Amino acid sequence: MNKKEEEFLSLLKKNRELQTIVQNEIEKNREKDEVLFAQNKMAALGEMLNNISHQWRQPLMEISSLFIPIEGKLNLDIEVKKEEIKESIENLNIITKYMSSTIDDFRNFFATTKEAEEFKVLEQINTAYRLTSASLKANDILLEIRVSKNPKIIGYKNEYTQVLINLLNNAKDALVDRKTLNPKITISVKEENDEVILKIEDNAGGINVTPIEDIFKPFFTHGKKNGTGVGLFMSKLIIENNMNGKLLVNNTNLGAEFKIITSNNTVK
Ligand SMILES: Nc1ncnc2c1ncn2[C@@H]1O[C@H](COP(=O)(O)OP(=O)(O)OP(=O)(O)O)[C@@H](O)[C@H]1O
Ligand SMILES: [Mg+2]
């Protein structure tokens, strides 16, 4: 083997080694993203558990008082009408149905969908709303949903809901932190050609970070006591890598505005 050949072979070897290193780093990065994904989902679940316990308190109280009048009458040997018992049973059924629907939301959200599927945007908005409504209400935050159409998206619906929950939680955090008067979040949906554009706006005064895109960096958190800085990084990954869409942000004169743009017919 001459010198040229030797050099060439050693270069080839180095090249291969480099490729393995790059491959390993990519793999490591992917694993890191998966851990972050699980972490962000756990945080969203924690928030949801909070909401479920809020949402159950009221119906539990109702259940516990539902049969008090009947019990009282029985104890006093007063005749109880059939109708009265029937009505209480019906009410009991309504309340338990409601309670079981909150549990269904929880279970559905926990299941990860492996295959992209077709889903309606409004259904996921409603799920995200049900899972955050208790903490929104507790902070007197008004949520306005403006949807004239209910477009379909092809993608991962639980992950889409996870993004909505992240964005709603961020808006709520900003509104609560800044003690905004008449706190309000608006969700609107429109369809343009083959794109579905979902907009979430708040009136908390906006994002004071420059460049504003920094908020999407992993572990970037600003002005929060318990922020992990994972929410928006994960949201961008879900929309842009998994669903081939775009997650954009800008400030309006009232507050922050996030846009989720996804395609209504294709996914990579
Ligand atoms: N609607 C908003 N109004 C004002 N600032 C916002 C808004 N949404 C996001 N931000 C800013 O962007 C930062 C990053 O948000 P991100 O959701 O990634 O992390 P976090 O909320 O700090 O932590 P967590 O991991 O718990 O979500 C926030 O700390 C906040 O400063
Ligand atoms: Mg957040």
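Heads up: these notes are all about the structure in this document. Everything numeric here is computed off the predicted structure, so don't read it as measured data.

Quick notes on the rules
- Residues numbered from 1 in each chain as written.
- Chains lettered and ligands numbered in written order.
- Predicted model: local features only at pLDDT ≥ 70, side-chain atom pairs only at ≥ 80, totals over all residues.
- Heavy atoms only, no water.
- Helix = DSSP H or I, 4+ residues; strand = E, 2+ residues; numbered from the N terminus.
- Rg over C-alpha atoms; globule rule 2.2 N^0.38 Å.
- Buried < 20%, exposed > 50% of the residue type's maximum accessible area, 1.4 Å probe, protein only.
- Areas by Shrake-Rupley, 256 points an atom, 1.4 Å probe, with all protein chains shown as cover.
- Expected span 1.5 Å × (residues − 1).
- Pairing = 2+ DSSP bridges.
- Axes fitted to C-alpha atoms, helices over the stretch in contact; angles between N-to-C directions.
- Contact = heavy atoms within 4.5 Å.
- Near = heavy atom within 4 Å.
- Polar contact = N/O pair within 3.5 Å; in protein donor to acceptor, adjacent residues only side chain to side chain.
- Nonpolar A, V, L, I, M, F, W, Y, C, P; charged D, E, K, R; others polar.
- Parallel < 35°, antiparallel > 145°, perpendicular 65-115°, else oblique.
- Left-handed = near helix turned anticlockwise from the far one by under 90°.
- Phe/Tyr/Trp six-rings, centres within 6.5 Å; stacked < 30°, edge-to-face > 60°.
- Core = buried A, V, L, I, M, F, W, Y, C linked by side-chain atoms within 4.5 Å.

**Some details on the overall build of the protein**
Summing up its helical and strand segments, the protein has six helices and seven strands in all. On C-alpha atoms alone, the protein measures out to a radius of gyration of 25 Å, which is more than a quarter above the 18 Å that the 2.2 N^0.38 rule sets for 268 residues. Considered along the principal axes of its C-alpha atoms, the protein spans approximately 110 × 45 × 40 Å. Residues classed as buried in the protein amount to 37% of the 268 residues present. Carbon together with sulfur atoms contributes 54% to the accessible area of the protein, which is approximately 16700 Å² in total.

**A closer look at helix H6 (residues 231-242)**
Helix length check: H6 (12 residues) gives 16 Å between terminal C-alpha atoms against 16 Å at 1.5 Å per residue, within 8%. Among the 12 residues that make up H6, nine are buried, leaving the element largely enclosed by the rest of the structure. Turning to H6, its buried residues number three or more, namely Gly231, Leu232, Phe233, Met234, Ser235, Leu237, Ile238, Ile239 and Glu240.

**Structural notes on the sheet that holds strand S7 (residues 256-263)**
Spatial strand order, S2-S4-S5-S7-S6: five strands in an open sheet with mixed pairing. Edge positions in the sheet fall to strand S2 (142-147) and strand S6 (246-251), since each of these pairs with one other strand and no more. Going from strand to strand, the sheet's axes swing by 15° on average, the running direction of each strand aside. The pairing of strand S4 (residues 184-192) with strand S5 (residues 195-202) spans eight bridges and is antiparallel. Paired with Val189 across the bridge in S5 is Leu198. Against the sheet, H6 touches S6 and S7, its axis set at about 135° to S6.

**A closer look at the site of ligand 1**
In the region of ligand 1, 20 residues are neighbours, and Asp202, Thr221, His222, Lys224 and Thr228 sit closest. Within the backbone of His222, a nitrogen or oxygen atom sits 2.8 Å from an oxygen atom of ligand 1. Side-chain polar atom of Thr228 to an oxygen atom of ligand 1: 2.3 Å apart, as the coordinates give it. Protein coverage of the free-state accessible area of ligand 1, which is 590 Å², stands at 90%. Elements with a contribution of two residues or more to the shell around ligand 1: helix H5 (157-177), H6 and S7. A breakdown of the residues in the shell around ligand 1 according to their chemical character gives nine nonpolar, eight polar and three charged.

**What to know about the packing of H5 against H6**
Put simply, H5 and H6 touch, their axes get as near as 9 Å, and they point 150° apart. Judged on the interaxial angle alone, H6 and H5 are roughly antiparallel. Crossing hand, H5 versus H6: left-handed. The segment H5 lies against H6, with Glu159, Tyr160, Gln162, Val163, Asn166, Leu167 and Asn170 engaging Gly231, Leu232, Ser235, Ile238 and Ile239. Across the contact of H5 with H6, the residue classes break down as six nonpolar, five polar and one charged.

**Quick notes on the packing of aromatic side chains**
Counted by the stated rule, this structure contains one aromatic pair. With centroids separated by 5.5 Å and ring planes inclined at 55°, the aromatic side chains of Phe119 and Tyr160 adopt a geometry described as tilted. Taken together, the residues Phe119 in strand S1 (residues 117-120) and Tyr160 in helix H5 connect sequence positions 41 residues apart. Both residues of the pair, Phe119 and Tyr160, belong to the buried class.

**A few points about the nonpolar core**
General note: in soluble globular proteins, nonpolar side chains tend to be found buried as a group. Counting 50 residues, the largest nonpolar core has Tyr160, Ile185, Leu198, Phe258 and Ile260 as the members making the most contacts within it. Mapped onto this core, the elements with two or more residues apiece are helix H1 (3-66), helix H4 (121-138), H5, S4, S5, H6, S6 and S7. Counting residues per element, this core draws most heavily on H5, which supplies nine residues. Each residue touching Phe258, except ones within four places of it in the same chain, is listed here: Leu167, Leu198, Lys199, Ile200, Ile207, Ile215, Phe216, Leu232, Leu248 and Val249.

**Details of the pairing of S7**
With respect to burial, S7 is a largely interior element, seven of its eight residues being buried. Of the strand pairs in this sheet, S5 and S7 are connected by seven bridges, and their pairing is antiparallel. Residue pairing in the sheet places Leu198 in a bridge with Ile260 of S7. Hairpin geometry of S6 and S7 is characterised by an intervening segment of four residues between the two adjacent antiparallel strands.

**Considerations on the side chain of Thr186**
With respect to the helices and strands, the residue Thr186 is situated in strand S4. Assessed through its relative accessible area of 8%, Thr186 is described here as buried. Sequence-distant contacts of Thr186, that is, excluding residues within four places in its chain, are made with Glu144, Arg146, Lys199, Ile200 and Glu201.

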